[in-house]
Amino acid sequence: MFPRVAWHYAAQRSSVHGRSRLQGVLTRDSRLPWSRYPLGSRYASLQAGEDKSGHISAGPDEGLLFFDNVFPLKIQKLIGPSLASDKSPSFLNRIINPIVTGTDPKTVIDKAIAKANISIKATETLLRLNEGGAFVKFTHDGSTPTSEVEKVLQQYLKEQPVKPWWSPWRRMHVGVVQGRPWVEDLFRMPSPRLRVEFVPPEPGAEAVELSQEQLYSFFRQYGKLQDIVVQPPDSKVLPKFAYLDYSKLSNAIMAKSCLHGFVVQEAEGGGKAGTLLRLKYEQKIKAHWIRDWLVNHPRIVIPIIAALVAGITVAIFDPIRTFFVKAHITRALHLQDNKYYKRIVGYATDFIPWHRKGEDDTGMEVVWDDRKENIEQIQTWLMETADTFIIVQGPRGSGKKELVIDQALKDRKHKLVIDCKPIQEARGDSATINAAAACVGYKPVFSWMNSISGMIDMAAQGATGVKTGFSETLDSQLAKIWNTTGNALRQIALDTRQKHDKDAHLGDDEWLEAHPEKRPVVVIDNFLHKSQEGGVVYDKIADWAARLTTANIAHVVFLTNDVSYSKSLSKALPDRVFRNIPLADCSPQVAKKYVLRHLDADVADDPEPQDGSEKQVPSQTRDDLGELDTCLDLLGGRLTDLEFLARRIKTGETPIKAVNAIIDQSASEILKMYIFGIADEEGDKKWSPEQAWLLIKELAGKESLRYNELLLSDVFSTNGEKTVRALEQAELITIVSSPSGRPSQIRPGKPVYHPAFKRLTEDKVLKSRLDLAILKELVKVESTTIEKCETELLRLSEIEGRPAMLVGRVQYLMAKLQKSQEKVESYEGEMGVLKKVLGSEH
């Protein structure tokens, strides 16, 4: 350890070459000898001066020298505030000991004296770890001025440079202390900038502010000055000060150590009483400069922060999200798929005799037997390498999802089902993102951050004028979800690859192409559900599905009710022929078997009678099931309607009563959805009540209508084709296409709608009311035609001379006007009859 030495000050001022110098007596505290340094040289590590006063001094015929580069600079900052205390760590003796490093000031002085033959002797040394130097007190006989001592030492260090191991390119320097040094143990780091304050040497005296030229003459000798900044003339800060910027930190340390407390005499421009120079380090970098720079440069900072956030998200959250998507597809975190859970459930089922099969699966075996060819076709396509889509199209309630997932894919371990309905029906971007993420198991998802980042982006753009990139659009968020899901599907497909396979030498892409049976299956359900409300979601899904298919990552199966699906999917795969399986309603024979199987399901698991008789089932005991054939002709073969019928019959209703209840319910739904509640959420009408009623009335008497014949009617004269398509999307009607692909026929949207249409037309009041509305619309159309003809005839009558060439045009307009007038009269006659019905019937 460096022993502590108390430095006793007895100050007296002497003049050397016209400059004031402070000298005094420097004595050692004999209680703490420096045992490591013999030969009478005494060292001190006391950082606070004599009696912790912060000052050192020298007496007559004594002087002070300051050596730099004795210790590494900023060693105190590296190790911490402990070096500011009187005790220093013992390991410093081994690392930065001046004897070991060759930076011992006494050794330098002894060698310089021997070479220059001057009479001085180093008596005391005060080490300054914070500044990397040491003060050395020396004695002389008075014949050698201190300036000559300084020159001799500087010349020696120039000829014989002392370079310690921590600074092989910077040598040691020395300077005579001309002022009264202030040695403190504060935790302050040296700085290349010095603050020079001009204070009076005695209380009551007046100090003089030195000019830049005067400061330059005093401080340039210690090193290169970069700038001198004087106090502004209008500044009220006292005492007056100036800033000196050195090019090197070591130069600033030397200047402060040698000139602190130096008194500028009157002859040197210091005023009558002189001016005392008080020096301290000033940090050039102001406090909070990082915060201020960040606040003042938003155009640079905000994009950088956005990039960092994106990078952190990719580096941290993307692997987590990929893991959860894989777990969702493979069902690794689902307890129901755990083999041990299945084993326990299997054991428990053996002890539960009343355990039965789910009611939802009852009777479906009949349907699957009828559609066995479709199931096998899908399974065959999934074993082939064909980069195209598989589309299963059929009306709602035809069993598309059950056919694909429960039958065609029941042996497929890795399948992903994406339901477009909750995604499309979500309100707002955040809800849409959450719905899409839930379908694929994408988590964590911070959808709430989208609105917050949008507000930040808007505020930043208003302040800086540029986009920051914080907020992300719905397209980019959905693209991120689908891309992560695609990466997870690819990893799942490649996880089944083994190193010992015969085709292990193939690349990943070639292996995926060669093994279509290893690819996962993506089932996209309810595709194009409410597509008229916006196609952003469906466009993104179609593009993503096209990438999965063309890259041989997964098979993609679309389930849709929309017959115009090819228009949307062709944008994603324009050069492919889709594999399509249309699903129709069940045939009457299959429908009857389905209903009977549903009725017999309740007693299928009952034990056999103990008397040995046959088990009685409802299909054999009920007498009213003979009505079933007639009822099924009315109801049709839609699975949802058949299941509803079977459940009503189970409750004890007769088939005729159950069918009539279903027809009445369907008629009520038609009135509510298509006649009296036709406005969508935005307030725009896709069709009018008159147009919907005309279709209902026409289809009540016919099983189908000609597509083009309907468009020629006056009710559909404006945007007729668009209106018909909207009614098809709403499932009131079904458009049947010809073999060439053009629309040819219009049929009811569900088989049960045909008797429901008849039921509605049998209501005289309803029929009269809606027919009256149709006639009013027709009267408006004819009245418009009459008005146009009258206007043109009036213009023709104003032509002078009435040329003979106008006769044909006038006759045409008159005939057209007469025809329209006759229609109006006919319509008004019918309207009178309908009004009488409305006035007499309830």
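- Within an unreviewed UniProt entry, the label attached to the protein reads Mitochondrial escape protein 2, and the organism entered is Karstenula rhodostoma CBS 690.94.
- UniProt, in the comment section headed Function (unreviewed entry), describes the protein in these words: "Plays a role in maintaining the mitochondrial genome and in controlling the mtDNA escape. Involved in the regulation of mtDNA nucleotide structure and number. May have a dispensable role in early maturation of pre-rRNA."

1. Describing a nonpolar patch on the surface
And step 1. Together, Trp289, Ile290, Trp293, Leu294, Ile300, Ile304, Leu308, Ile312, Ile316 and Ile320 make up an exposed nonpolar region whose accessible area comes to about 940 Å².
And step 2. Breaking the nonpolar patch down by element, the ones donating at least two residues are helix H8 (289-296) and helix H9 (298-330).
And step 3. It is H9 that provides the largest number of residues to the nonpolar patch, a total of 6 residues.
And step 4. Tracing the backbone through its elements, the reader meets Leu294 in helix H8.

2. Focus: the packing of aromatic side chains
And step 1. This model, assessed by the stated rule, comprises 11 aromatic pairs.
And step 2. An angle of 40° between the planes, with centres 6.2 Å apart, marks the rings of Tyr674 and Trp687 as tilted. One end of the pair, Tyr674, is in helix H25 (residues 655-675); the other, Trp687, is in the loop between H25 and helix H26 (689-701), and 13 residues separate them in sequence. Neither Tyr674 nor Trp687 differs from the other in exposure class; each is buried.
And step 3. Members of the aromatic cluster, each reached through a chain of ring pairs, are Phe389, Phe527, Tyr538, Phe558 and Phe578.
And step 4. Here the guanidinium or amino end of Arg193 rests over the ring plane of Tyr243, the centre of that ring lying 4.7 Å away.
And step 5. The lysine or arginine in question, Arg195, covers the ring of Phe241, its NZ or CZ lying 3.9 Å from the ring centre.

3. Remarks on helix H29 (residues 753-761)
And step 1. The element H29 is largely enclosed, with a buried count of 7 among its 9 residues.
And step 2. Of all the residues in H29, the buried ones are Tyr753, His754, Pro755, Ala756, Phe757, Leu760 and Thr761.
And step 3. Buried residues along H29 sit in contact with helix H23 (628-635), H25, H26, strand E20 (743-748) and helix H30 (764-797).

4. Quick look at the side chain of Gln231
And step 1. Structurally, Gln231 is set in the loop between strand E9 (225-230) and strand E10 (241-246).
And step 2. Relative accessible area serves as the criterion here: at 4%, Gln231 is assigned to the buried category.
And step 3. A distance of 2.9 Å separates the side chain of Gln231 from the side chain of Ser235, its partner in a polar contact.
And step 4. Look past the residues within four positions of Gln231 in its chain and what remains in contact with it is Glu209, Val237, Pro239, Lys240 and Phe241.

Thresholds, definitions, all that
- Residues numbered from 1 in each chain as written.
- Predicted model: local features only at pLDDT ≥ 70, side-chain atom pairs only at ≥ 80, totals over all residues.
- Heavy atoms only, no water.
- UniProt positions renumbered as here; feature names shortened; annotations may be inferred.
- Patch = residues over 30% accessible without salt bridge, like charges linked within 9 Å, V, L, I, M, F, W, Y side chains within 5 Å.
- Areas by Shrake-Rupley, 256 points an atom, 1.4 Å probe, with all protein chains shown as cover.
- Salt bridge = Lys/Arg side-chain N within 4 Å of Asp/Glu carboxyl O.
- Helix = DSSP H or I, 4+ residues; strand = E, 2+ residues; numbered from the N terminus.
- Phe/Tyr/Trp six-rings, centres within 6.5 Å; stacked < 30°, edge-to-face > 60°.
- Buried < 20%, exposed > 50% of the residue type's maximum accessible area, 1.4 Å probe, protein only.
- Lys NZ or Arg CZ within 6 Å of the ring centre and 35° of its normal.
- Contact = heavy atoms within 4.5 Å.
- Polar contact = N/O pair within 3.5 Å; in protein donor to acceptor, adjacent residues only side chain to side chain.

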